[in-house]
Amino acid sequence: MAVQNGQAVWFGADRAAKELFPDADLVPLDGAFVAPGFVDAHVHLTDAGLGLAARALGEARSRAEALRVYAAPRRGGELVWLGTWDESRWDEPEPPTTDELDALAPGAMVYSPRVDVHSAAASTALRASVPGLAEAKGYHPQAPLTGEAHHLVRAAARARLSAQQRAAAQRAALDHVLSRGVVEVHECAGPEISSKEDLALLLGAEHTVARVGYWGEAVESPQRARELLAETGARGLAGDLFIDGSIGSSTAWLHEPFLSTGACGNAYLSPEAVAAHVRATTEAGVPAGFHAIGDAAITELVGAFGAAAAEFGGPAVARCGHRLEHMEMTTAEQAGLLGQWGVAASMQPLFDALWGGPGGMYEQRLGARRGSRLNDFAQFAAAGVVLAFGSDAPVTEVDPWAWVAAAANHHRPESRISARAAFLAATRGGRRAAGSKDQFAGTLVPGARATFAVWEVERYAESAPGRANSWSTDRRTHQAPLPDLAAVAPRCRMVVVDGEIAYAG
């Protein structure tokens, strides 16, 4: 491959390259696999960076092990923002209580979010700093806080982070995603999950990784939609504009109750607010979107997009570049409608890998019938919906090859897509979901930006002993076959952005 002025200008055999570009600098890759840079279509980088510094909690595989993390030395009055935890993977699936946090971290202001970041354990010191917390919906004196109570205590913890702490966390997260071959991230910000200041800090930072910001705040008029874009620098009023919560915290909005609570979860936006936001953004030509997981939430938003299509016409809706996050409990009929309206689906394949399948968290919360049908990638692909994959970091790992493997090996065979389709969702799909009009974006062809990652892999070891890392191009598609992800996890050796080496591992 020859690179000139930040572009890929030629592909071919080594011998021909030496003749065509005799004065070029040579960078030998020794048979490594070269692929377009990945896009993480849903991240929360401040949280992700804070979590990188406190990973031990998320790695705990027993309740006792998790509680030992809280017992590390703390100072009274100190804010302790810990990495996420997942009690569904512990031997005793009971979350930490307030009394336990107080005993293990005396006097500290502990904010400890569940892995889905839709509930959190919090110490008495932090709770006491939030006026009116006990009257908020979702409050419990001992159990993790959910809903409005969680939003309040999270905001209180976030307010105690300095700009320097947030900037350091963001840089740590950006460095981390780059080391995973990710060259673009979509930050899903909003008043319930971060702040305008946090988003501005991220978008203004100097870093090689490209950042696309979304601001999740509902509007009622086209004028307000345009004002918010100008205020925030966001690409759209989308991302984590919460219609509901999550399956793990039993706060997704369902038609039928959770087995875990006997309730149907939380609806954070009224049907009128959802419809008004879609209408206002469509009229303004602004990308809109929502966080929607439960079947009741998805039914509501599909109805709102349908109303906008009836009023403005399907092509007008499609031109806006609307997108939806998660979409875990979507039907094939709903996917078909979204495909007609040009709405992209930003999804997280590791959700199924971690929580799907017999006995998994989904089945625990929803039962086998409903729990087996979540995250159906195939129905979106069949409907022509643009699929964009991501991590929802800090919820799951920034591990693009693991996303590809998870989508190709969904617990339910009918929900799987091919590895090639999954790879495209993790590369080109994110760029398309962010509104890129560059026909070469996310590809490696002459004329494309020279933005790619170099991966060390094992391939063809059985058919060609002694030739590990030997690749050949499929003559039918003119593309190299993907790594055998069942055999080995590729390791990122190098990332090149616009022809310049940005990372060397």
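So, here is what we can say about the structure in this document. Keep in mind the model is a prediction, meaning the values are calculated, not measured.

**Section: the sheet that holds strand β14 (residues 387–389)**
For step 1, the next point in the chain: Taking strand neighbours across the sheet as the criterion, the 4 strands line up as β11-β12-β13-β14 in an open arrangement whose pairing is parallel. Every interior strand has two partners, whereas the edge strands, β11 (291–292) and β14, have only one.
For step 2, the next point in the chain: Relative to strand β13 (residues 344–347), strand β12 (residues 323–326) runs parallel, the two being bridged by 3 bridges. Residue Glu325 lies in a different strand from β13, and its bridge partner there is Ser346.

**Overview of the pattern of salt bridges**
For step 1, the next point in the chain: Tallied over the entire structure, the rule returns 18 salt bridges.
For step 2, the next point in the chain: A salt bridge links Glu256 to Arg369, with the nearest nitrogen and oxygen atoms 2.8 Å apart. Placement of Glu256 in the loop between α9 (222–232) and α10 (271–284) and of Arg369 in helix α16 (residues 368–371) is noted, with a sequence separation of 113 residues between them.
For step 3, the next point in the chain: We classify Arg369 as exposed; its relative accessible area is 54%.
For step 4, the next point in the chain: Here Glu456 ties to Arg491 by a salt bridge, and the two come within 3.3 Å at their closest N and O atoms. Residue Glu456 is located in strand β15 (residues 452–456), and its partner Arg491 is located in strand β16 (residues 491–497); the two are separated by 35 residues in the primary sequence.
For step 5, the next point in the chain: On the basis of relative accessibility, which here comes to 41%, the residue Arg491 falls in the partly exposed class.

**Here's the deal with the environment of Ala280**
For step 1, the next point in the chain: Within the secondary structure layout, Ala280 lies in helix α10.
For step 2, the next point in the chain: Taking the C-alpha atoms as reference, Ala280 lies 11 Å from Cys320; in sequence the two are 40 residues apart.
For step 3, the next point in the chain: Residues in contact with Ala280, not counting those within four places in the same chain, are Val219, Glu220, Ser221 and Pro222.

**A short note on the packing of aromatic side chains**
For step 1, the next point in the chain: Across all of its chains, the model carries 11 aromatic pairs by this definition.
For step 2, the next point in the chain: Judged by centre distance (5.8 Å) and plane angle (85°), the rings of Phe38 and Phe423 are edge-to-face. Residue Phe38 is located in strand β4 (residues 38–43), and its partner Phe423 is located in helix α19 (residues 419–426); the two are separated by 385 residues in the primary sequence.
For step 3, the next point in the chain: Note on Phe38: relative accessible area 0%, which makes it buried.

**Examining helix α3 (residues 63–70)**
For step 1, the next point in the chain: Arg63, Ala66, Leu67, Val69 and Tyr70 are the residues of α3 that are buried. Each buried residue of α3 sits inside an arc of 150° when the element is viewed along its axis, so together they form one side.
For step 2, the next point in the chain: In this structure, the buried residues of α3 make contact with α4 (98–104) and β6 (109–113).

**Describing unusual backbone geometry**
For step 1, the next point in the chain: The amide bond that connects Ala393 to the next residue, Pro394, takes the cis arrangement and shows omega of 20°.
For step 2, the next point in the chain: With respect to the helices and strands, Pro394 occurs in the loop between β14 and α18 (400–408).
For step 3, the next point in the chain: Phi is positive for Val117, which is not a glycine, with a value near 60°.
For step 4, the next point in the chain: Positive phi values are uncommon outside glycine, yet Asp498 reaches one of about 50°.
For step 5, the next point in the chain: Positionally, Asp498 belongs in the loop between β16 and β17 (500–504).

About the thresholds
- Residues numbered from 1 in each chain as written.
- Predicted model: local features only at pLDDT ≥ 70, side-chain atom pairs only at ≥ 80, totals over all residues.
- Heavy atoms only, no water.
- Pairing = 2+ DSSP bridges.
- Helix = DSSP H or I, 4+ residues; strand = E, 2+ residues; numbered from the N terminus.
- Salt bridge = Lys/Arg side-chain N within 4 Å of Asp/Glu carboxyl O.
- Buried < 20%, exposed > 50% of the residue type's maximum accessible area, 1.4 Å probe, protein only.
- Contact = heavy atoms within 4.5 Å.
- Phe/Tyr/Trp six-rings, centres within 6.5 Å; stacked < 30°, edge-to-face > 60°.
- Arc of directions from axis to C-beta.

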